[in-house]
Amino acid sequence: TTPPHHHHHHPTTPPPPHHHTTTHHTKGIQWLPPSQTDGKKHPYLFTQFQAIHARSGLPCQDTPSVKTPYTGSMTVPKPLTALMGALPTTNSENGDKHTFNFQQQVPIPSYLIAFAVGDLTSKDIGTRCRVWTEKSMIDAAAYELEETESYLQAAETLLPLYAWGRYDILVLPGSFPYGGMENPCLSFVTPTIIAGDRSLTSLVAHELAHSWTGNLVGCRTWEHFWLNEGCTVFLERKLVGRLFGEDQRQFRTFLGNSALIEAIKNFGSQPQFTTLVQDQKNVDPDDAFSSVPYEKGSQFLFYLEKLVGGPAVFEPFFKKYLENFSGKTLDSAEFKEFFLNYFNSLNAFEVSKLSEIDWDSWFNKPGLPPVDMLSLFDTTLAAESFALANKWKANDSSVSPDDLKSWSSHQVVHFLEQIEAASEVTAETLQKMDVTYKLSEYRNYEIRFHWYMAGIKHGYEPVYPLAVQMLREQGRMKFVRPLYRELAKTERGKALAIATFAEQKDNYHSIASKMVSRDLGV
């Protein structure tokens, strides 16, 4: 450091501005040519800085342990609009340019800095909620996301008051690689949730819940990522329970278990990525990313809630936890310490229960949790989908086109997951199923994805071109990675996968391309 008498700047003058230029190779910023947008007229830009890509976009201490407020200003050519994960303050015009100013008063880590630019329009869907998207999609998006304000109100009955002022949503073009990104004040979400029937909007409950778990109280390093994602999935499903009934919450928790089993299977030779608490020395967090922190983490909280005596006992603890760590970061040991201190000093609480918790196995043991979680879920809602799957497995002829009529998309997904996993199912079974239920005509992305996965697995070839179509129209990793992996298991499928990826890889986000190319070995 300069000795104190060598002050180059008078203490009151700000340091000179730091000029920093990004390029088309900047990992955290995705530049889309007009051809990859809905409108086809103007380019589009969006950022994805989680986990460690903020450093590619701006000079920063790129770790979740450092938080700061910020102001931002973006100048863009008309008629484009710039948005940031912050509150808009003023904007001004200068010739053919438009300047948008923003302020984020709540201190945040670098990975939550976010911006987007495009030919965007908006529609209010509540007093604090507005949806942004390209013009052609605005009405469909506003309809789909209309329940957002009620999710927000449900959250505030459970948690401290919402701290961020506004909760807006930007629906991105199809190449957005994640389901959603919880950028503060402005969640980024995939267009694949626009199903026309509001069936997939629990994704919004998830991103909204991050306003508390992750954004207000977050993990200190990515090794404790479950503190962000496990807590958020737990809250997301609580909100679903508040709005749609406890049986829905239980059913979705149960459904999440198959994602956990799948993730553990995919990490076969890297079991270290299936522990809740990880050692990520010299590891890129993108490589460790999976459903494990989400599902195993939320199962841990589900288990703790049951153990201490249910929601009436656990929810006040969780609110207190958020109040205590608000604006801070923590690690798993601090969570454990806070939990034990709270319940050890809770009036009339049966402290002996706490000794049942095997913290070491939950935190450090690879694979499934140390407790048989399936026995803890209420699976009433799964009974119908189980029964129907069993009929098909047994080649029972009493199936009818009306079987799925009154079902939620989650029940259809559960049915298809079992069909995919069933050894007795053949291509003929699926052909009959397609004729009966017209599954190849569904537009819902979750249903399409699971139908194509089952079709590829069991050699029902009419789904191949449909799966390729899906790989061309969006780049959400949750869908593209498993589809490519499943295709690559057969000779014809592998050729198709490699050809499709070669044609699409520049249309995907760089994170998605990196992961798919690793999956395919190309």
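Residues numbered from 1 in each chain as written. Predicted model: local features only at pLDDT ≥ 70, side-chain atom pairs only at ≥ 80, totals over all residues. Heavy atoms only, no water.

## Topic: the overall build of the protein
Logical step 1: The helix and strand tally for the protein stands at 19 helices and 14 strands.
Logical step 2: The globule rule puts the C-alpha radius of gyration for 522 residues at 24 Å, and the 24 Å found for the protein is close to it.
Logical step 3: Among the 522 residues that make up the protein, the fraction classed as buried is 56%.
Logical step 4: Of the roughly 22400 Å² of accessible surface on the protein, a fraction of 53% belongs to carbon and sulfur atoms.
Logical step 5: Looking at charge distribution, the protein has the averaged site of its 48 positive side-chain charges lying 3 Å from that of its 58 negative ones. (Helix = DSSP H or I, 4+ residues; strand = E, 2+ residues; numbered from the N terminus. Rg over C-alpha atoms; globule rule 2.2 N^0.38 Å. Buried < 20%, exposed > 50% of the residue type's maximum accessible area, 1.4 Å probe, protein only. Areas by Shrake-Rupley, 256 points an atom, 1.4 Å probe, with all protein chains shown as cover. Lys, Arg positive; Asp, Glu negative; His and termini not counted. Charge placed at Lys NZ, Arg CZ, Asp CG, Glu CD.)

## Quick look at the nonpolar core
Logical step 1: In terms of nonpolar packing, the biggest core is built from 160 residues, with Tyr321, Phe335 and Phe339 touching the most fellow members.
Logical step 2: If we skip the residues at most four places from it in the chain, tyrosine 321 touches Val217, Leu227, Leu330, Phe335 and Phe338. (Core = buried A, V, L, I, M, F, W, Y, C linked by side-chain atoms within 4.5 Å. Contact = heavy atoms within 4.5 Å.)

## Quick notes on the sheet that holds strand β5 (residues 87-94)
Either a parallel or an antiparallel arrangement is found when strands of a sheet pair, and the pairing is made through backbone hydrogen bonds.
Logical step 1: Read from one edge to the other, the open sheet built from 3 strands follows the order β3-β6-β5, with strand pairing classed as antiparallel. Only two strands of the sheet have a single partner each, and these edge strands are β3 (67-77) and β5. In this sheet, adjacent strand axes meet at a mean angle of 15° when their direction is disregarded.
Logical step 2: Two strands pair when backbone bridges link them, and β3 and strand β6 (residues 97-109) are joined in this way by 10 bridges, in the antiparallel orientation. Considered in β6, the bridge of tyrosine 70 is made with glutamine 104. (Pairing = 2+ DSSP bridges. Axes fitted to C-alpha atoms, helices over the stretch in contact; angles between N-to-C directions.)

## Quick word on empty space enclosed by the protein
Logical step 1: This structure, assessed with the given rule, holds 2 cavities of 30 Å³ or more.
Logical step 2: Here the largest cavity is characterised by a volume of approximately 40 Å³.
Logical step 3: Val233, Phe234, Arg237, Arg249, Thr253, Ser298 and Phe302 together form the lining of the largest cavity.
Logical step 4: Those elements giving two or more residues to the lining of the largest cavity turn out to be α5 (226-244), α6 (246-266) and α8 (292-308). (1 Å grid on protein atoms, 1.4 Å probe; cavity = no way out; pocket = protein on both sides within 12 Å on 5 of 7 lines; lining within 4 Å. Points joined across faces, edges and corners; volume = space filled by probe spheres on them.)

## A closer look at the packing of aromatic side chains
Logical step 1: For the coordinates displayed, the defined rule picks out 52 aromatic pairs.
Logical step 2: A centroid spacing of 6.3 Å and a plane angle of 80° characterise the contact between phenylalanine 317 and phenylalanine 335, whose relative ring orientation is edge-to-face. Placement of the pair is phenylalanine 317 in helix α9 (residues 311-325) and phenylalanine 335 in helix α10 (residues 332-344), with a sequence separation of 18 residues. With respect to burial, phenylalanine 317 and phenylalanine 335 carry one shared label: buried. (Phe/Tyr/Trp six-rings, centres within 6.5 Å; stacked < 30°, edge-to-face > 60°.)

## Quick word on the confidence of the model for the protein
Logical step 1: Averaged over the protein, the pLDDT score is 93; the fraction of residues at 70 or greater is 97%.
Logical step 2: This stretch, residues 6-10, has a pLDDT under 50; its non-local contacts, to residues over four places away or in other chains, come to 2 contacts. (pLDDT = per-residue confidence, 0-100.)

## Focus on helix α17 (residues 477-487)
Logical step 1: Of all 11 residues in α17, 9 are buried, a share of seventy percent or more.
Logical step 2: If you check which residues of α17 are buried, you get Met477, Phe479, Val480, Arg481, Pro482, Leu483, Tyr484, Glu486 and Leu487.
Logical step 3: Of the surrounding elements, those touching the buried residues of α17 are α15 (445-457), α16 (463-473), α18 (491-504) and α19 (510-520).

## Some words on the state of the cysteines
Logical step 1: If you walk through the whole model with that rule in mind, you get 0 disulfides.
Logical step 2: Cysteine 219 supplies the cysteine sulfur nearest to cysteine 60, a cysteine that is in no disulfide, at a spacing of 15 Å.
Logical step 3: The partly exposed category is assigned to cysteine 60, whose relative accessible area is 30%. (Disulfide = S-S within 2.5 Å.)

## Here's the deal with α19
Side chains that are three or four residues apart share a direction in an α-helix, a result of its 3.6 residues per turn.
Logical step 1: If you check which residues of α19 are buried, you get Ile511, Ala512, Ser513, Met515, Val516 and Leu520.
Logical step 2: Contacts from the buried residues of α19 go to α7 (285-288), α17 and α18.

## Description of the layout of surface pockets
Logical step 1: The computed volume of the second largest pocket comes to approximately 680 Å³.
Logical step 2: Along its surface, the second largest pocket is lined by 24 residues, and His20, Gly57, Leu58, Pro59 and Phe115 are the ones closest to its centre.
Logical step 3: Breaking the lining of the second largest pocket down by element, the ones donating at least two residues are β1 (29-32) and β3.
Logical step 4: At 6 residues, the largest contribution of residues to the lining of the second largest pocket is made by β3.
Logical step 5: For the lining of the second largest pocket, the per-class residue count stands at 13 nonpolar, 11 polar and no charged. (Nonpolar A, V, L, I, M, F, W, Y, C, P; charged D, E, K, R; others polar.)

## Observations regarding the pairing of strand β4 (residues 81-84)
Logical step 1: Side-chain alternation along β4 places Thr81 and Leu83 on one buried face and Ala82 and Met84 on a second face that is also buried.
Logical step 2: Relative to strand β7 (residues 115-118), β4 runs antiparallel, the two being bridged by 4 bridges. Within β7, the residue paired with alanine 82 across the bridge is valine 117.

## A closer look at the side chain of histidine 206
Logical step 1: Note on placement: histidine 206 falls in helix α4 (residues 202-209).
Logical step 2: Those residues within four positions of histidine 206 in sequence are excluded, and the remaining contacts are Glu229, Thr232, Val233, Glu236 and Tyr294.

## Looking at the packing of α6 against helix α13 (residues 409-421)
Logical step 1: The N-to-C vectors of α6 and α13 enclose an angle of 30°; their axes lie 11 Å apart at closest approach. Judged by the angle between their axes, α6 and α13 are roughly parallel. The hand of the α6/α13 crossing is left-handed. Along its contact with α6, which presents Phe251, Arg252, Phe254, Leu255 and Ser258, the element α13 presents His410, Gln411, His414 and Glu417. (Parallel < 35°, antiparallel > 145°, perpendicular 65-115°, else oblique. Left-handed = near helix turned anticlockwise from the far one by under 90°.)

## As for the pattern of salt bridges
Logical step 1: Here the structure, examined in full by the defined rule, presents 29 salt bridges.
Logical step 2: Put simply, aspartate 287 and arginine 518 hold a salt bridge, and the shortest N to O gap is 2.7 Å. Taken together, the positions of aspartate 287 in helix α7 and arginine 518 in helix α19 put the pair 231 residues apart, joining distant regions of the chain.
Logical step 3: Under the relative-accessibility criterion, arginine 518 is labelled partly exposed at 47%.
Logical step 4: Glutamate 446 is the partner of lysine 478 in a salt bridge, and the nearest nitrogen-oxygen pair spans 2.8 Å. A residue pair is termed long-range when its members are at least 10 positions apart, and lysine 478 in helix α17 and glutamate 446 in helix α15 qualify at 32 residues.
Logical step 5: Overall, the relative accessible area of 42% leaves lysine 478 in the partly exposed class.
Logical step 6: Salt bridges sharing common partners tie together Lys238, Arg242, Glu246, Arg249, Glu305 and Glu315. (Salt bridge = Lys/Arg side-chain N within 4 Å of Asp/Glu carboxyl O.)

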